[in-house]
Amino acid sequence: MRLILLGPPGAGKGTQAKILSSKHGIPQLSTGDMLRAAVADGSAVGLRAKSVMDSGQLVSDEIVNEIVAERVDQPDSARGFILDGYPRTVVQAESLAAMLEGKSKQLDAVIELKVDEEALGRRMENRVRETLAAGGSVRADDNAESFRRRMSEYHAKTAPLSSFYARAGLLRVVDGMAAMSAVTAAIENQLAAAVRN
Ligand code: AMP
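What you see is a predicted model; the values in this text were computed from it and never measured.

## Some details on the sheet that holds strand E2 (residues 28-30)
As summarised here, the arrangement of the five strands in space is E2-E3-E1-E4-E5, forming an open sheet in which the pairing is parallel. Of all the strands in the sheet, the pair left with one neighbour each is E2 and strand E5 (171-175). The average angle at which neighbouring strand axes cross in this sheet is 25°, direction not considered. Note that strand E1 (residues 2-6) and strand E4 (residues 109-114) share four bridges and pair parallel. Within E4, the residue paired with Leu 3 across the bridge is Ala 109. Seen against the sheet, helix H9 (residues 180-196) touches E1, E4 and E5 and runs at an angle of roughly 160° to E5.

Dropping the structure here:
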């Protein structure tokens, strides 16, 4: 199964991708995680990406397309994968389509998590406050300013992917504000329907 999870920052894509990954035995491919790993390694890609990520802007299409192409070629992706945080631009979506076509593979579904963005902003601020109060550490882009930037990048560059995938007949929307287990169940229902089609 090849699946994309779409939705704004903080919508729960990563949480759902982890649950689905262990249920279906296919990897979660999170470009955010891959980029953070590159930053932690101090690799050339990481050095180029760090300040862009910290500010909440998008890393270049060229960089992310390349890391996804490499990741998709690894053996554990052969049975499928869950893309979390990729594609984020129409250029990336087109690159993914060409990449899959070159391998004679297809996407099964694109699931969009619909959320109340103001509630998400409050949720993010509370989570950061609680984590810091408990002595934990948060991501460098987990602050109000970067969050606003990530949200505006989402509207400008990622939101158009909904109609892109709707036109391709792949888009399925679920309520991302429901309880975590209810969101998982709704995604599973949509996947079952997509596979029947
Ligand atoms: P995430 O963990 O998905 O919220 O991603 C964290 C940050 O990594 C984003 O704010 C971007 O700076 C960068 N990033 C992750 N995925 C992509 C992508 N597909 N295209 C461009 N930048 C990305």
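## Examining the pattern of salt bridges
Counted according to the given criterion, the structure contains eleven salt bridges. The closest approach of N and O atoms between Glu 112 and Lys 114, which form a salt bridge, is 3.2 Å. Note that Arg 139 is salt-bridged to Asp 141, the shortest N-O span being 2.9 Å. Counted as one network, the salt bridges with shared partners bring together Arg 127, Arg 139, Asp 141, Asp 142 and Arg 150.

## A word on the site of the ligand
Looking at the ligand, there are 16 residues lining it, with Thr 31, Arg 36, Gln 57, Gly 85 and Gln 92 nearest. At 3.1 Å from a nitrogen atom of the ligand is found a main-chain nitrogen or oxygen belonging to Val 59. Note that a nitrogen atom of the ligand is positioned 2.9 Å from one of the backbone N or O atoms of Gly 85. Considering each element in turn, the shell around the ligand owes the most residues, four residues, to helix H2 (residues 31-41).

## Observations concerning unusual backbone geometry
Cis geometry is adopted by the peptide bond preceding Pro 87, which originates at Tyr 86 and carries an omega value of -5°. Take Pro 87: it is sitting in the loop between strand E3 (81-84) and helix H5 (90-102). You will see that Ser 104, though not glycine, has its phi angle at about 55°, which is positive. Here Ser 104 is to be found in the loop between H5 and E4.

Here is what the cut-offs are and how they apply
- Residues numbered from 1 in each chain as written.
- Predicted model: local features only at pLDDT ≥ 70, side-chain atom pairs only at ≥ 80, totals over all residues.
- Heavy atoms only, no water.
- Pairing = 2+ DSSP bridges.
- Helix = DSSP H or I, 4+ residues; strand = E, 2+ residues; numbered from the N terminus.
- Axes fitted to C-alpha atoms, helices over the stretch in contact; angles between N-to-C directions.
- Contact = heavy atoms within 4.5 Å.
- Salt bridge = Lys/Arg side-chain N within 4 Å of Asp/Glu carboxyl O.
- Near = heavy atom within 4 Å.
- Polar contact = N/O pair within 3.5 Å; in protein donor to acceptor, adjacent residues only side chain to side chain.

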